[in-house]
Amino acid sequence: MHPDFALGSSFLLQRLLQMDRTLCSLSSPLRSFARHQGGYPVTSPQPVSPQLSQKMLKNVATAEAIQKHRKALGDWFSQQPNEERQFGPSFSLDTIHVDPVIRESSLEEILKPPPELTIQNQLQASRSHTIGLQNLFDVDACGRQVKNVVLYGTVGTGKSTLIKKMVMDWCHGRLPRFELLVPFSCEDLSQSTAPISLRRMITKKYLHLREVVPVLGSANLKVLFVLNGLDRLNLDFHLAHTELCCDPNEPILASAVVVNLLRKYMMPEASIIVTTRPSAVRRIPSKFVGRYVEVCGFSDTSLQKLYFQMRLSQPDCSGASGPATAEETSERDNLVEMLSRNLERHNQIAAACFLPSYCWLVCTTLHFLYFTKSVPPAQTLTGIYTSFLRLNFSGEVLDSTDPSNISMMKYVAKTVGKLAYNGVMSRKTSFSEEDLRRCFEMEMKTENELNLLNVFRSDVFRFFLTPCVQPGKEHTFVFTIPAMQEYLAALYVVLGEKKTLAQRLGKEVSEVIGKVSEDVAVVLSIVSKILPLRVLPVLFNLLKMFPRYFSRFGSKDRDTIARTMAVEMFKEEDYFNDDVLDQINSSILGVEGPMRHPDEVSEDEVFELFPIFMGGLLSRRNRVILDQLGCPIKNLTVFEIAKAMKKTVIRNSKKGLPPSELMDYLFFLHEFQNERFTAEAIQSLRTINLSSVKMTPLKCSVLASVMGTTSHEVEELNLASCHLDVNSLRILFPVLLRCKNLHLQLNSLGPEACREIRDLLLHDKCVVSNLRLADNPLTEQGASYLAEAVAGNSSLRHLSLLHTSLGNQGVEVITQHLAQNKHLEDLDVAYNSVTDAAALALVEEAKKHPTLNKVHLYFNDISEEGKQALHEMRKDRDGIKVLIFLTMGADVSDYWAIILNVVQKNLPIWDRDRVQQHLGLLLEDLECSRRQTVNPWKKAKFMRVENEVKRMLGNIQQGSL
């Protein structure tokens with residue numbers, strides 16, 4: 001007997017309680033925890049130390065070992081995967097969690113033919129017989145104690161996360177039913193081929209439990225074994241194949257240990273929870289299962305909203321190092337509100353988020369679209385989708401009992417990818433049962449192939465395809481997330497699954513010839529599986545004469561991939577749509593405004609992400625992940641595809657794409673992640689017109705990333721009406737330095753932005769010669785920064801500050817610094833509420849300037865006397881042109897068209913009453929000048945301009961402008 005037990009039971013109990021208090025004081029403080037089950041918050045009890053029975057423990061070391069086990073498991077299971085860590089520790093399992101809906105089921109229900117797969121049936125099934133996670137081991141309907149629980153669900157419903165949360169609950173004392181929890185991965189167990197005992201299995205994984213193993217057989221020690229991913233193991237419950245074994249010390253196969261645990265022949269007092277996919281449930285005889293439980297995901301929309309609210313509202317969700325600003329908090333709240341409104345419409349996004357994994361994808365995509373602060377962004381859209389598939393499939397095989405051992409992702413690429421590609425090519429997003437049969441069953445020839453198809457339909461189908469929610473289309477299927485169709489179509493093409501028979505034959509035969517030379521028997525055995533016997537003699541003669549003939553099909557296949565990418569990227573019927581990033585945004589957050597009537601014919605489907613995904617899948621990072629998923633793409637293949645498409649891409653990019661399509665092209669180059677290819681494609685791009693494209697931080701980062709691959713000067717960069725702010729300028733700073741003509745008008749650039757522009761113009765590498773800042777709220781404060789820039793810059797020739805709220809003080813400070821500038825030629829300060837004194841001082845300074853020859857002052861508050869004085873000043877010195885009105889003495893100004901064109905463009909944002917007043921004054925001026933002239937040609941010219949001004953006035957009064 002251990003010396004501690006000789007001291008008496010009362011002293012031992014005192015020692016145990018003292019040790020328990022000591023361990024609790026050393027452990028980190030536990031946070032308060034709110035668990036949400038089925039949409040209703042249930043407050044869990046505060047974490048307490050487990051009250052280990054004195055009868056179970058033979059010494060204090062056992063209690064300490066279990067406490068170490070709790071801490072080790074907690075540390076291990078709290079680790080976030082790479083896909084989650086890059087967005088910050090904002091949603092760890094030990095803070096707040098939303099449980100998916102789980103319901104009690106039965107083997108009969110699992111084995112019976114599934115009902116028609118519609119959204120209504122799906123939701124109705126998930127709402128029946130719901131059960132809480134904490135009640136899984138309660139007595140069954142007959143009053144028997146449940147020992148074995150099978151937790152099953154299709155891919156993406158949240159089985160692994162639920163089990164992970166269960167382990168974390170036990171680690172933090174929130175699962176008092178069990179005093180010891182031992183989790184195992186069935187994937188790990190399947191790799192073990194040598195005999196091993198149960199006790200060795202435990203101590204091999206958890207060395208610190210070596211003190212606990214001797215008491216595992218105690219009937220009073222409440223133990224829970226967690227077996228995650230049972231579908232990875234081939235279990236055989238026949239006595240002829242798996243013998244009975246009750247000794248935890250007896251070395252047997254790992255699968256035999258699991259079988260005897262489930263039989264309750266080994267450690268019958270232990271409780272076991274098993275997770276598996278639906279297709280593998282039947283591998284456990286029902287007599288060894290106390291309760292079947294199905295994970296149904298977020299079938300309740302309120303659970304989806306709760307998840308989004310918690311995931312997107314975390315303090316560090318924006319990726320900023322410090323606390324969130326009021327603006328960032330407001331942005332997050334607005335995102336959650338827009339997403340909630342979209343879910344309330346019961347549209348396809350709510351059906352997609354039936355799976356918790358798609359909720360993660362939605363949040364991650366929104367994070368990518370809105371919270372990208374780095375340059376270039378550390379993530380790509382293709383990378384998000386590829387990582388998403390790794391999180392859900394992680395190299396799983398479709399069926400571990402099938403000899404082909406095909407990876408689940410490879411099977412999906414061959415079957416669902418084919419359906420997705422056919423849909424993209426035929427411009428359709430919904431598919432009938434006949435479409436599914438055509439893609440999935442056409443080439444089914446053997447029993448194994450049909451078995452794989454059944455496993456796929458049972459376990460994976462609902463992950464990618466879901467019933468359509470649109471009225472009249474309830475019996476058709478759509479992709480769970482629209483972009484997933486384009487991703488899988490791209491994967492289908494890039495993996496080379498889109499091949500002709502000759503291409504498939506050429507690849508296989510050429511590989512055989514390279515290995516076996518002229519081994520006739522091997523060649524015939526390969527070819528006979530593909531071609532009829534009557535073709536073999538001709539084919540064999542060809543092989544003998546031209547052994548390299550068929551190897552050429554490999555390069556043709558890569559040419560086809562390159563051609564598909566190039567053609568789809570520059571498809572003219574997709575022109576003038578919103579750029580793909582805005583399309584993704586609207587598909588998640590919904591389209592604000594009135595809903596389309598159900599009877600209204602929908603517009604043609606746009607598949608602009610398809611070529612972008614093809615480029616993204618070829619990047620090195622995504623190829624590494626695809627290789628882990630069983631979908632390898634070789635370096636040589638990528639090199640030849642890039643070489644084949646380079647000329648086509650560069651030639652088409654020179655044609656002058658519309659702004660939204662140009663943004664898509666830049667996004668494609670960013671997703672491709674090939675700097676050499678991007679540099680050659682961008683080298684010829686001298687004019688970049690992105691006007692009216694909403695330049696979010698992500699789009700600015702993409703533009704900066706792509707343009708950063710070269711250092712050539714850009715002739716013109718048009719970013720007018722792009723919703724730019726000071727952060728946008730900071731991201732784009734390296735690009736703006738290299739632009740000669742820079743259009744920044746009609747944005748939200750204020751005084752802080754002027755500070756960035758000052759730094760830009762004072763930079764020693766700045767080449768900006770024409771800067772347009774019209775219609776930005778620069779104000780007098782911003783004018784002081786711009787005045788410093790004008791004084792110290794040597795590249796600027798034309799500066800437009802039209803309608804920027806400068807006022808007299810703003811113009812005066814620019815006037816004061818104008819003398820230090822030696823290169824400016826054109827200065828526009830029109831429509832800035834400038835009065836006589838400030839205007840006269842500016843023109844007086846302009847007369848002294850060595851290069852300045854044009855000053856714009858129209859639409860200012862200049863009196864008739866001031867206009868006359870300015871006109872006289874202009875006469876005193878030839879060369880200085882002051883644009884105040886539409887006339888120049890007895891003639892029409894040469895710039896009348898420019899002035900009226902500026903008015904026309906800016907009417908939507910200018911004060912209409914003030915514009916109408918100014919146009920009335922211009923009209924009076926024109927009529928007065930026309931009456932004074934006697935030249936009939938000049939009169940006709942005046943009449944033409946008068947009619948143009950009258951037309952504009954009439955349109956303003958009628959509200960048509």
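Everything below is about the structure shown above.
In this report, the structure presented in the accompanying data block is examined. As the structure is a prediction and not an experimental result, all values here were calculated from the model. (Residues numbered from 1 in each chain as written. Predicted model: local features only at pLDDT ≥ 70, side-chain atom pairs only at ≥ 80, totals over all residues. Heavy atoms only, no water.)

**Re the overall build of the protein**
For clarity, the threshold we go by: Helix numbering and strand numbering both begin at the N terminus, where a helix is a DSSP run of H or I of at least 4 residues and a strand a DSSP run of E of at least 2. A 1.4 Å probe rolled over the protein chains alone gives each residue an accessible area, and that area as a share of the maximum for its type sets the label: buried under 20%, exposed over 50%, partly exposed in between. Any two residues whose heavy atoms approach within 4.5 Å are treated as being in contact. Where accessible areas are quoted, they stem from the Shrake-Rupley method and a 1.4 Å probe; at the residue level, only the protein chains shown are allowed to cover.
Along the protein, the regular secondary structure elements total 40 helices and 22 strands. Out of the 961 residues belonging to the protein, those deemed buried represent 54%. Within the protein, counting contacts between residues at least 6 apart in sequence, those at least 24 apart form 80% of the total. Accessible surface, the protein as shown: approximately 43400 Å² in total, 52% of it carbon and sulfur.

**Re the packing of helix H12 (residues 326–344) against helix H25 (residues 580–589)**
Quick note on the threshold: Only the contacting stretch of a helix is used when fitting its axis, a line to C-alpha atoms as for every element, and angles between N-to-C directions run 0 to 180 degrees. The classification used treats Ala, Val, Leu, Ile, Met, Phe, Trp, Tyr, Cys and Pro as nonpolar, Asp, Glu, Lys and Arg as charged, and all other residues, Gly among them, as polar.
Between H12 and H25, the shortest axis-to-axis distance is 8 Å and the interhelical angle comes to 65°. Between H12 and H25, the contacting residues are Leu-335, Met-338, Leu-339 and Asn-342 on the first element and Ser-587, Ile-588 and Leu-589 on the second. Of the residues that constitute the contact of H12 with H25, the class distribution is five nonpolar, two polar and no charged.

**Some thoughts on the packing of aromatic side chains**
Operational definition: Side-chain rings of Phe, Tyr and Trp (the six-membered ring for Trp) are treated as a pair once their centres are within 6.5 Å; stacked means planes under 30 degrees apart, edge-to-face means over 60, and tilted covers the remaining angles. Either the NZ atom of lysine or the CZ atom of arginine qualifies as a charge over a ring when it sits within 6 Å of the ring centre and within 35 degrees of the ring normal.
Applying the stated rule across the entire model yields 25 aromatic pairs. Ring centres of Phe-461 and Phe-477 lie 5.5 Å apart, and the angle between their planes is 85°; this geometry places the pair in the edge-to-face category. One end of the pair, Phe-461, is in helix H19 (residues 461–464); the other, Phe-477, is in strand E12 (residues 477–479), with 16 residues separating them in the sequence. Residue class for Phe-461 comes out buried when judged on its relative accessible area of 4%. Judged by its relative accessible area of 5%, Phe-477 is buried. Note that Arg-70 overlies the ring of Trp-170, its terminal NZ or CZ placed 4.1 Å from the centroid. A cation over a ring is seen here: Arg-457 above Phe-461, with NZ or CZ 5.6 Å from the ring centre.

**Let's talk about the pairing of strand E9 (residues 291–295)**
Worth spelling out the cut-off: DSSP-based pairing: two strands are paired if at least 2 bridges between them are found.
By the criterion of burial, E9 is predominantly enclosed, with five of the five residues buried. Bridge count for strand E4 (residues 102–105) against E9 is four bridges, and the pairing is antiparallel. Counted as the bridge partner of Ser-105 is Tyr-292 from E9. With four bridges joining them, strand E5 (residues 148–152) and E9 adopt parallel strand pairing. Across the sheet, residue Leu-151 finds its bridge partner in E9, namely Val-293.

**Quick word on unusual backbone geometry**
Phi is positive for Ser-721, which is not a glycine, with a value near 55°. Inspection of the secondary structure puts Ser-721 in the loop between strand E14 (714–718) and helix H32 (726–736). The backbone of Asp-775 sits at a positive phi, close to 60°, despite the residue not being glycine. Along the chain, Asp-775 turns up in the loop between strand E16 (770–772) and helix H34 (779–792). On the basis of relative accessible area, Asp-775 is assigned to the buried category, the value being 10%.

**A closer look at the environment of Leu-335**
Mapped onto the secondary structure, Leu-335 falls in helix H12. You can call Leu-335 buried: its relative accessible area is 2%. Leave out the neighbours within four places in its chain, and Leu-335 touches Tyr-370, Phe-371 and Leu-589.

**Considering the pattern of salt bridges**
Applicable threshold: By salt bridge we mean one thing: a side-chain nitrogen of Lys or Arg within 4 Å of a carboxyl oxygen of Asp or Glu.
Using the criterion set out here, one finds 33 salt bridges in the structure. Arg-103 serves as the salt-bridge partner of Glu-294, at 2.8 Å between the closest nitrogen and oxygen. Of this pair, Glu-294 sits in strand E9 while Arg-103 sits in strand E4, and the two are 191 residues apart along the sequence. Residue Arg-103 is classed as buried on the basis of its relative accessible area of 5%. The salt bridge involving Arg-277 is made with Asp-459; its shortest N-O contact spans 2.9 Å.

**Topic: the nonpolar core**
Note the threshold: Side-chain atoms within 4.5 Å link the members of a nonpolar core, which is a set of buried Ala, Val, Leu, Ile, Met, Phe, Trp, Tyr and Cys residues.
If you look at the biggest cluster of nonpolar residues, it comprises 190 residues, and the most contacted ones within it are Phe-464, Met-484, Leu-488 and Leu-857. In this structure Leu-857 touches Val-829, Ala-830, Ala-839, Leu-842, Val-843, Ile-862, Leu-870, Val-882, Leu-883 and Ile-884, once residues within four positions along its chain are discounted. If you look at the next biggest cluster of nonpolar residues, it comprises 73 residues, including Ala-65, Ile-131, Val-167 and Val-281.

**Remarks on the pairing of strand E8 (residues 271–276)**
Rules: Orienting the strands away from the viewer, one traces the path from the first strand over the helix to the second; a clockwise path indicates a right-handed crossover.
E8 sits mainly inside the fold: six of its six residues count as buried. Side chains of E8 alternate between two faces, with Ser-271, Ile-273 and Thr-275 and Ile-272, Val-274 and Thr-276 buried alike. Strand direction decides the pairing type here: E5 and E8, joined by five bridges, are parallel. The partner of Asn-148 across the bridge, within E8, is Ile-272. Looking at chain direction, strand E7 (residues 223–228) and E8 are connected through four bridges and run parallel. Bridging across to E8, Phe-225 finds its partner in Ile-272. On the question of chirality, the crossover connecting E7 to the parallel E8 by way of helix H10 (residues 254–263) is right-handed.

**A few points about helix H16 (residues 408–425)**
Counted only if it meets this: By definition here, a helix of n residues has an expected span of 1.5 Å times n minus one. What the bend at a residue measures is the angle between two axes, fitted to the seven residues ending there and to the seven starting there.
Look at H16: 25 Å from first C-alpha to last across 18 residues, which is about the 26 Å you get at 1.5 Å a residue. The principal kink in H16, of about 35°, is found at Gly-417. Burial analysis of H16 places 14 of its 18 residues in the buried class, the great majority of the element. Once H16 finishes, Arg-427 follows within two positions and takes phi at roughly 60°, a positive value.

**Considering the sheet that holds strand E20 (residues 881–883)**
Hydrogen bonding along the main chain pairs the strands of a sheet, whether they run parallel or antiparallel. Taken in spatial order, the eight strands of this open sheet run E13-E14-E15-E16-E17-E18-E19-E20, and their pairing is parallel. The strands lining the two open edges of the sheet, one partner per strand, are strand E13 (687–689) and E20. On average, adjacent strands in this sheet sit at an angle of 10° to one another, irrespective of strand direction.

**Looking at the environment of Pro-81**
With respect to the helices and strands, Pro-81 occurs in the loop between helix H3 (60–77) and helix H4 (82–85). Expressed as a C-alpha distance, the spacing of Pro-81 and Leu-391, which sit 310 residues apart in the sequence, is 8.5 Å.

**What about the packing of helix H15 (residues 381–393) against helix H26 (residues 609–617)?**
Condition: Between 65 and 115 degrees an angle is taken as roughly perpendicular, under 35 as roughly parallel, over 145 as roughly antiparallel, and anywhere else as oblique.
For the pair H15 and H26, the least separation of the axes is 9 Å and the interaxial angle reads 75°. Comparing the axis directions of H15 and H26 gives the class roughly perpendicular. Listed contacts from H26 to Leu-381, Thr-382, Tyr-385 and Thr-386 of H15 are Leu-609, Ile-612, Phe-613, Gly-616 and Leu-617. Its residues assigned to classes, the contact of H15 with H26 shows six nonpolar, three polar and no charged.

**As for the sheet that holds strand E11 (residues 465–467)**
Ordered by their spatial adjacency, three strands build an open sheet running E10-E12-E11, and the pairing between neighbours is antiparallel. Of all the strands in the sheet, just strand E10 (430–431) and E11 have a single pairing partner and so form its edges.

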